[in-house]
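So the chains spell out like this:
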Amino acid sequence: MNPSICRTLSTICFQAGMLSILLSIWIWWFLNGAGSSSPEEQAHAERFGIFVGLWAPTLLILSNRFDRYADKAKSLPGLELEDKDEAP
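We now turn to the structure provided with this report. (Residues numbered from 1 in each chain as written. Predicted model: local features only at pLDDT ≥ 70, side-chain atom pairs only at ≥ 80, totals over all residues. Heavy atoms only, no water.)

1. Details of the packing of helix α1 (residues 3-31) against helix α2 (residues 39-53)
Stage number 1. It is the contact of α1 with α2, at a shortest axis distance of 8 Å, that shows an interaxial angle of 175 degrees. Classified by the angle their axes make, α1 and α2 are roughly antiparallel. Contact with α1, carried on its side by Ser20, Leu23, Ser24, Ile27, Trp28 and Leu31, involves Ala45, Glu46, Phe48, Gly49, Ile50, Val52 and Gly53 of α2 and no other residues of that element.
Stage number 2. Residue composition of the contact of α1 with α2, by class: eight nonpolar, four polar and one charged. (Axes fitted to C-alpha atoms, helices over the stretch in contact; angles between N-to-C directions. Helix = DSSP H or I, 4+ residues; strand = E, 2+ residues; numbered from the N terminus. Parallel < 35°, antiparallel > 145°, perpendicular 65-115°, else oblique. Contact = heavy atoms within 4.5 Å. Nonpolar A, V, L, I, M, F, W, Y, C, P; charged D, E, K, R; others polar.)

Written out as structure tokens, the structure is:
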């Protein structure tokens, strides 16, 4: 995989992980508020907030892996030769 594609995927996964954390807090805070009419709705909001929050570690780990793969792809022998041959 191209290092620039890996960096882009790393950035997307990192941003999605941060969004997951914020979305989880928002779901728990606003859907679990005093405006809920029943305890079942409050329990659903708590479970849904936890579910969305569980995406964050997976997305952050993927971001780290893509970043490491991009670093390794740069130092592979012969990679520069392939790029120079394709350029002209």
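2. Let's talk about α1
Because each turn of an α-helix spans 3.6 residues, side chains separated by three or four positions end up pointing in the same direction.
Stage number 1. With 29 residues, α1 extends 41 Å from end C-alpha to end C-alpha; this agrees with the ideal 42 Å at 1.5 Å per step.
Stage number 2. Every buried residue of α1 is accounted for by Pro3, Cys6, Ser10, Cys13, Gly17, Ser20, Ser24 and Ile27. (Expected span 1.5 Å × (residues − 1). Buried < 20%, exposed > 50% of the residue type's maximum accessible area, 1.4 Å probe, protein only.)

3. Quick notes on the packing of aromatic side chains
The geometry of two aromatic rings is summed up by the distance between their centres and the angle between their planes.
Stage number 1. Enumeration over the complete set of coordinates arrives at three aromatic pairs.
Stage number 2. Taking the centre distance of 5.5 Å and the plane angle of 45 degrees together, the rings of Trp26 and Phe30 count as tilted. Of this pair, Trp26 and Phe30 are both found in helix α1, four residues apart, which corresponds to roughly one turn of the helix.
Stage number 3. For Phe30, a relative accessible area of 53% corresponds to the exposed category.
Stage number 4. For the ring pair Phe51 and Trp55, a centre distance of 5.4 Å and an interplane angle of 75 degrees mean the geometry is edge-to-face.
Stage number 5. According to the relative accessible area criterion, Phe51 is partly exposed, its value standing at 44%.
Stage number 6. By relative accessible area, Trp55 is classed as partly exposed at 38%. (Phe/Tyr/Trp six-rings, centres within 6.5 Å; stacked < 30°, edge-to-face > 60°.)

4. A closer look at the environment of Leu60
Stage number 1. Topologically, Leu60 is positioned in helix α3 (residues 55-74).
Stage number 2. In the structure, Leu60 is positioned 44 residues away from Ala16 in sequence and 8.3 Å away in space, judged by C-alpha atoms.
Stage number 3. Ignoring anything within four residues of it in the chain, the contact list for Leu60 reads Phe14, Gly17 and Met18.

5. Things to note about α2
Stage number 1. Relative to the 21 Å expected for 15 residues at 1.5 Å per residue, α2 spans 21 Å between its end C-alpha atoms, a close match to the ideal helical length.
Stage number 2. Taken together, the buried positions of α2 are Ala45, Gly49 and Val52. The buried residues of α2 occupy an angular sector of 70 degrees when the element is viewed end-on, so they sit on one face. Exposed and facing more than 90 degrees away from the buried side of α2 are Pro39, Glu40, Arg47 and Ile50. (Arc of directions from axis to C-beta.)

6. A few points about the pattern of salt bridges
Stage number 1. Under the definition given, this model contains two salt bridges.
Stage number 2. Residue Asp67 pairs with Arg7 through a salt bridge whose shortest N-O separation is 2.1 Å. In this pair, Asp67 is assigned in helix α3 and Arg7 in helix α1, connecting sequence segments 60 residues apart.
Stage number 3. The shortest N-O distance in the salt bridge between Asp71 and Arg7 comes to 2.3 Å. With Asp71 in helix α3 and Arg7 in helix α1, this residue pair connects regions lying 64 residues apart in the sequence. (Salt bridge = Lys/Arg side-chain N within 4 Å of Asp/Glu carboxyl O.)

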